[in-house]
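# Report on the structure
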Amino acid sequence: MKRIIIGIGGVTNGGKTTLTKRLVGNLPNCCVVHQDDFYKPPDEIEVGDDGFKQWDVITAIDMEALVNTVTAWVENPVKFARSHGRSLSASSNSDVQILILEGFLIYNHKLLASMCTERYYLTIPYDECKRRRSGRNYTVPDPPGLFDGHVWPMYLKHRCEMEESGVSIASIDGLLSKDEIFSRVYTDILNRFLNTS
């Protein structure tokens, strides 16, 4: 059985979740793990020197639980799929199992980054990111000044760290249409991993 882990990383509000949902709906035998599902409880999130709760740092996420979840998929993708309510197809690609790992810091964790068969990274410029972020409703609302005082600086810091670590990514312009982004990634996955004889 062939196991493929597709990483979908990038800037906040860059289109990661939108792309992930479309991929999961179109790829055979595909499960997903969202980094956002592994945030620690709000009372465990530290307040930083910038005065904001530190939601955009790796210590805000239970990385051990995230790694254990991905490892559980690697060890038994079929059992993982069934336990997460995913049906398995009997297509010609039934010997291929796919996991989409989605999150903004997945490539800043050495083990998670190394587990990915392919790594896509969505980017958008500051102005567009701020516009999209201001239009979102979060469970814990953004306090005034959070984007400029914490979110964007942390994105730049983590992106720099990722690039310095030498992790190989396929960068995608998040300003492209949703259809163009999906088509590029989906076609790449099909050609590289599923349409091989």
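Quantities reported herein were computed from a predicted structural model and do not represent experimental measurements.

### Some points on helix α6 (residues 146-165)
With 20 residues, α6 extends 27 Å between its outermost C-alpha atoms, agreeing within 8% with the 28 Å of an ideal straight helix rising 1.5 Å per residue. Here α6 has its buried residues at Leu 146, Phe 147, His 150, Val 151, Trp 152, Met 154, Tyr 155, His 158 and Met 162. Looking at the buried positions of α6, the neighbouring elements they touch are β4 (118-123) and α5 (126-134).

### Some thoughts on the packing of aromatic side chains
Per the counting criterion, the structure on display carries seven aromatic pairs. Note on Tyr 107 and Tyr 121: the rings are 6.3 Å apart at their centroids and 40° apart in plane angle, and the pair reads as tilted. Here Tyr 107 is found in the loop between β3 (96-102) and α4 (110-115), whereas its partner Tyr 121 is found in strand β4, with 14 residues between them in sequence. On the basis of relative accessible area, Tyr 107 is assigned to the buried category, the value being 3%. The structure contains a cluster of three or more aromatic residues connected by ring pairs, namely Tyr 126, Phe 147, Trp 152 and Tyr 155.

### Comments concerning the sheet that holds β4
On the basis of which strands lie adjacent, the open sheet formed by five strands has the order β2-β3-β1-β4-β5 and parallel pairing. Among the strands making up the open sheet, the edge pair consists of β2 (30-34) and β5 (170-173). Averaged over all adjacent pairs, the angle separating strand axes in this sheet is 20°, with direction ignored. Direction of pairing for β4 relative to β5: parallel, over a ladder of four bridges. Note that in β5 the partner of Thr 123 across the bridge is Asp 173.

### Digging into the environment of Arg 131
Position of Arg 131 among the secondary structure elements: in helix α5. On the basis of relative accessible area, Arg 131 is assigned to the exposed category, the value being 52%. Residues Arg 131 and Thr 187, 56 residues apart in the sequence, show an inter-C-alpha distance of 29 Å.

### As for the nonpolar core
Grouped together as the largest cluster of nonpolar side chains are 34 residues, with contacts concentrated most on Val 70 and Leu 101. Looking at this core, the elements that each hand over two or more residues are β2, α2 (63-75), α3 (77-83), β3, α4 and α6. If one sorts the elements of this core by residue count, α6 sits on top with six residues. If we skip the residues at most four places from it in the chain, Val 70 touches Ile 5, Val 33, Leu 99, Leu 101, Leu 112 and Met 115. By size, the runner-up hydrophobic cluster in this structure holds 21 residues, among which are Ile 8, Val 24, Ala 170 and Ile 189.

### Structural notes on the environment of Gly 135
Of note, Gly 135 is situated in the loop between α5 and α6. Look at Gly 135 and you get exposed, because its relative accessible area is 61%. Counting along the chain gives 52 residues from Gly 135 to Thr 187, while the straight-line C-alpha distance between them is 30 Å.

### Notes on the pattern of salt bridges
Note that side chains of opposite charge can pair when their charged atoms are close. In the structure shown here, the tally under the stated rule is nine salt bridges. We note a salt bridge from Glu 128 to Arg 131, for which the minimum N-O separation is 2.6 Å. Placement of the pair is Glu 128 and Arg 131 together in helix α5, with a separation of three residues, close to one helical turn. Several salt bridges converge on common partners, so that one network encompasses Glu 118, Asp 188 and Arg 192.

Rules used throughout
- Residues numbered from 1 in each chain as written.
- Predicted model: local features only at pLDDT ≥ 70, side-chain atom pairs only at ≥ 80, totals over all residues.
- Heavy atoms only, no water.
- Helix = DSSP H or I, 4+ residues; strand = E, 2+ residues; numbered from the N terminus.
- Expected span 1.5 Å × (residues − 1).
- Buried < 20%, exposed > 50% of the residue type's maximum accessible area, 1.4 Å probe, protein only.
- Contact = heavy atoms within 4.5 Å.
- Phe/Tyr/Trp six-rings, centres within 6.5 Å; stacked < 30°, edge-to-face > 60°.
- Pairing = 2+ DSSP bridges.
- Axes fitted to C-alpha atoms, helices over the stretch in contact; angles between N-to-C directions.
- Core = buried A, V, L, I, M, F, W, Y, C linked by side-chain atoms within 4.5 Å.
- Salt bridge = Lys/Arg side-chain N within 4 Å of Asp/Glu carboxyl O.

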